[in-house]
Amino acid sequence: MSQRICFFILFSWLLALPAAALSFTYTYEGYTLRYTVIKSSLSYCEVAPQNTSFLKGDLVIPAEVSDSRNKTYKVTGIGDLAFYNCKNLTSITIPNTVKTIGMKAFGLCSKLTSVTLGSSVTTIDESAFDRSTNLAKIEVNANNPKYSSVGGALYNKDASKIVCLPCGFSGSYELPGSVTSIGSKAFHYCNKLTEVTIPNSVTSIGDYAFLGCSGLTSMSLPNSVTSIGNAAFADCSNLTTVNLPNTVTAIGGTAFSGCISLTSINIPNSVTSINSSTFHSCKKLATVTIPNSVTSIDNSAFSNCSSLTLIDIPNSVTSIGNSAFSGCSGLTSVVIPPSVTSIGSAAFAGCTALIDFDVKSTNPNYTSIDGILFSRDLKTIHTFPAGKSGYFFIPEFVTTINDYAFSGCSGMTAVNIPNSVTSIGKYAFQYCTGLTTLKLPNALTTIEEGLFKSDANLTSVTIPASVTAIGKDAFDCCSGMTRLICYALNPPVCGPNALTDINKKICTLWLPLGGVGGSYIGVDQWKDFIVDLFDPAQDIINGIQTVSTDKSDAPIFDLQGRRIASDRNLTPGIYIINGKKTLIR
């Protein structure tokens, strides 16, 4: 009885399996395609991803197909990636039975020049024809209720929205006056497109609408446009000028990211927020006008705009996001108005020419001393200008060093951190390539993630006894380290790759006398160091009273007080000779 029950359950489970798991091949007009059943009860199937090597020329997809049991199915869909990268197809005719065309179904079909859609297609993924660079024409059956074709471009039925201009289109293109919206990815990667005329009927430009249109050099938007979508003009690498009308109220994130030829931008006074990465890596952007309507400059909004030499932050701005101006290597000074109450981490990191912050005296949260950005109560160093050089003494009233505070300060040769500092943020000293030595304060408990990342010339770091943890990648790319002095009685717990990049063959781990070294034996990331011992009551360097290249006939003791034979075959190291700590070279 139990076996029957188990068989019944298994049989029921098999019946419940999704029909999409069933696939078969069918040959039509010399082409054998793979199909996947999507609704067995209705005998529906879709074209599945193909073996691209044998498909070439003109392809007609049948309306009906049958499997090996001669069961007939109606073809109602072109599945995701169905003909992706079919480089030798030149045209495709889709039957009237097909309702859906999936993601990148005809993507990267580099020789495809025309597609004919049947009367039943009602859903087309926005990436369906992605980067088919020679596609010049999309035709639509006149009886299709949702789509139409205008001059070879794909529109919705009443031509109020352009859905897709084929990537193979070359030259200038004028949208008809019926258009009110430009769809998501409508022109994306139309590299041969040189100019677009947008009528004043258009109110919205969709996400990725002109992404990667490298042939565009200028763009003028009509006064009817109110919104620009995410990445709408991203990676338009030859776009030099953009005219944004005062009707625009929203500019999406990354809207102009990667427009490396853009030289100036005038943000209209109808915009209230500059969203994340809007102008990221606009490397030639030298002039930006931010109106008084803007209240927030979001994460990475102007990051890596290396030609930006001046930024006027209006008194309307209340927040500046993480990395908002990071990598703006042309900035030399920044004025923080009274309105700014929040500045994110790394907001000005890597601004290698920046030497001065000027915080207005009435700002409630921030202040500046000698061009350095502090919290209003002076307890936190927010940002040290990366263009400053030389030796810096952190004042003793400071308790916190912010994340990325000294990031990219390559001209700083030394920094003195007082014991008042109890917290040092993530990546605080990354890319400080001028630093050679650093002593961490006595109250510090954690060396945060990436603290010394890519400090290529760092040779010595002193870790206090208070440290119990070292974050991941803390010493990433610090292969020049020769001395790590650690006062901790027990090895600090290390995150992934915390000490991995330190060359253990040339770096000596100095540990306190008194048997501490044994606790480090076999511990991951600590076990491979060359270990030496020092007296924690004395500075590791200043505790050496004598330096000698000669061996001595006097009684010799190691640093643990054990007598060593007085011979001339001593290896170089530190010994107690005549009551003095002596370095034998």
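Residues numbered from 1 in each chain as written. Predicted model: local features only at pLDDT ≥ 70, side-chain atom pairs only at ≥ 80, totals over all residues. Heavy atoms only, no water.

Caption draft 1: Representation of the overall build of the protein in the model. When helices and strands are tallied, the protein shows one helix and 50 strands. For the protein, with 585 residues in total, the buried portion stands at 49%. Considering only contacts within the protein whose residues lie at least 6 apart along the sequence, 34% involve residues at least 24 apart. Element-wise, carbon and sulfur atoms account for 51% of the exposed surface of the protein, whose accessible area totals about 25,200 Å². (Helix = DSSP H or I, 4+ residues; strand = E, 2+ residues; numbered from the N terminus. Buried < 20%, exposed > 50% of the residue type's maximum accessible area, 1.4 Å probe, protein only. Contact = heavy atoms within 4.5 Å. Areas by Shrake-Rupley, 256 points an atom, 1.4 Å probe, with all protein chains shown as cover.)

Caption draft 2: Structural context of the state of the cysteines. What the rule picks out here adds up to zero disulfides. Free cysteine: Cys282, not disulfide-bonded; nearest cysteine sulfur from Cys305 at 5.1 Å. The class of Cys282 is buried, set by a relative accessible area of 0%. Note on Cys486: no disulfide assigned, nearest cysteine sulfur contributed by Cys494 at a separation of 9.0 Å. (Disulfide = S-S within 2.5 Å.)

Caption draft 3: Structural view of the sheet that holds strand S41 (residues 469-470). Ordered by their spatial adjacency, three strands build an open sheet running S39-S41-S43, and the pairing between neighbours is parallel. Each edge of the open sheet is held by one strand with a lone partner, namely strand S39 (446-447) and strand S43 (493-494). In this structure, S39 lies alongside S41, joined through two bridges in parallel fashion. Opposite Ile447, over in S41, you have Ile470 as the bridge partner. (Pairing = 2+ DSSP bridges.)

Caption draft 4: How the structure looks around the sheet that holds strand S42 (residues 483-486). Here we have five strands laid out as an open sheet, ordered S38-S40-S42-S44-S45, and parallel in their pairing. Pairing within the sheet leaves two strands with one partner each, and these edge strands are strand S38 (437-439) and strand S45 (530-534). The average angle at which neighbouring strand axes cross in this sheet is 15 degrees, direction not considered. Sheet analysis places strand S44 (residues 508-512) next to S45, joined by five bridges and oriented parallel. Counted as the bridge partner of Trp510 is Asp532 from S45. (Axes fitted to C-alpha atoms, helices over the stretch in contact; angles between N-to-C directions.)

Caption draft 5: Representation of the environment of Tyr208. When you line up the elements, Tyr208 lands in the loop between strand S18 (204-205) and strand S19 (218-220). Considering only alpha carbons, one finds Tyr208 and Ser184, 24 residues apart in sequence, at a separation of 5.7 Å. Setting aside its immediate chain neighbours within four residues, Tyr208 contacts Ser184, Lys185, His188, Asn230, Ala231 and Ala232.

Caption draft 6: The nonpolar core, seen in detail. Grouped together as the largest cluster of nonpolar side chains are 77 residues, with contacts concentrated most on Ile182, Phe187, Phe210, Phe233, Phe302 and Phe348. Of all the secondary-structure elements, those providing two or more residues to this core are strand S13 (153-156), strand S17 (193-197), strand S28 (333-336) and strand S30 (356-359). When residues no more than four places from it in sequence are discounted, the contact partners of Phe187 are Ile162, Leu165, Tyr173, Leu175, Ile182, Leu193, Val196, Ala209, Phe210 and Cys213. Ala428, Leu438, Ala474 and Phe529 belong to the second largest nonpolar core, which has 49 residues in total. (Core = buried A, V, L, I, M, F, W, Y, C linked by side-chain atoms within 4.5 Å.)

Caption draft 7: Region of interest: the confidence of the model for the protein. Residues with a pLDDT of 70 or more make up 88% of the protein, whose mean pLDDT is 90. Contacts of residues 1-20 to residues separated by more than four positions or lying in other chains number six contacts, the stretch itself having pLDDT below 50. This model gives residues 540-549 a pLDDT under 50, and the stretch forms 25 contacts once residues within four places in sequence are excluded. (pLDDT = per-residue confidence, 0-100.)

Caption draft 8: Quick peek at empty space enclosed by the protein. If you walk through the whole model with that rule in mind, you get two cavities of 30 Å³ or more. Empty space within the largest cavity amounts to approximately 100 Å³. Of the pockets and cavities examined, the second largest cavity occupies roughly 30 Å³. Forming the boundary of the second largest cavity are Ile251, Ile267, Val271, Ser273, Ile274, Asn275, Thr278 and Phe279. (1 Å grid on protein atoms, 1.4 Å probe; cavity = no way out; pocket = protein on both sides within 12 Å on 5 of 7 lines; lining within 4 Å. Points joined across faces, edges and corners; volume = space filled by probe spheres on them.)

Caption draft 9: A look at the pattern of salt bridges. Per the stated rule, a full pass over the model turns up five salt bridges. In this structure, Glu139 engages Lys137 in a salt bridge whose closest nitrogen and oxygen atoms are separated by 3.5 Å. Owing to a relative accessible area of 36%, Lys137 belongs among the partly exposed residues under this scheme. (Salt bridge = Lys/Arg side-chain N within 4 Å of Asp/Glu carboxyl O.)

Caption draft 10: Expanded view of unusual backbone geometry. In this structure, Ser43 takes a positive phi of about 60 degrees despite not being glycine. Mapped onto the secondary structure, Ser43 falls in the loop between strand S2 (31-39) and strand S3 (44-47). One non-glycine residue with positive phi stands out, namely Arg131, at about 55 degrees. Relative to the helices and strands, Arg131 is located in the loop between strand S10 (123-124) and strand S11 (137-140). Take Arg131: its relative accessible area is 37%, and that puts it in the partly exposed class.

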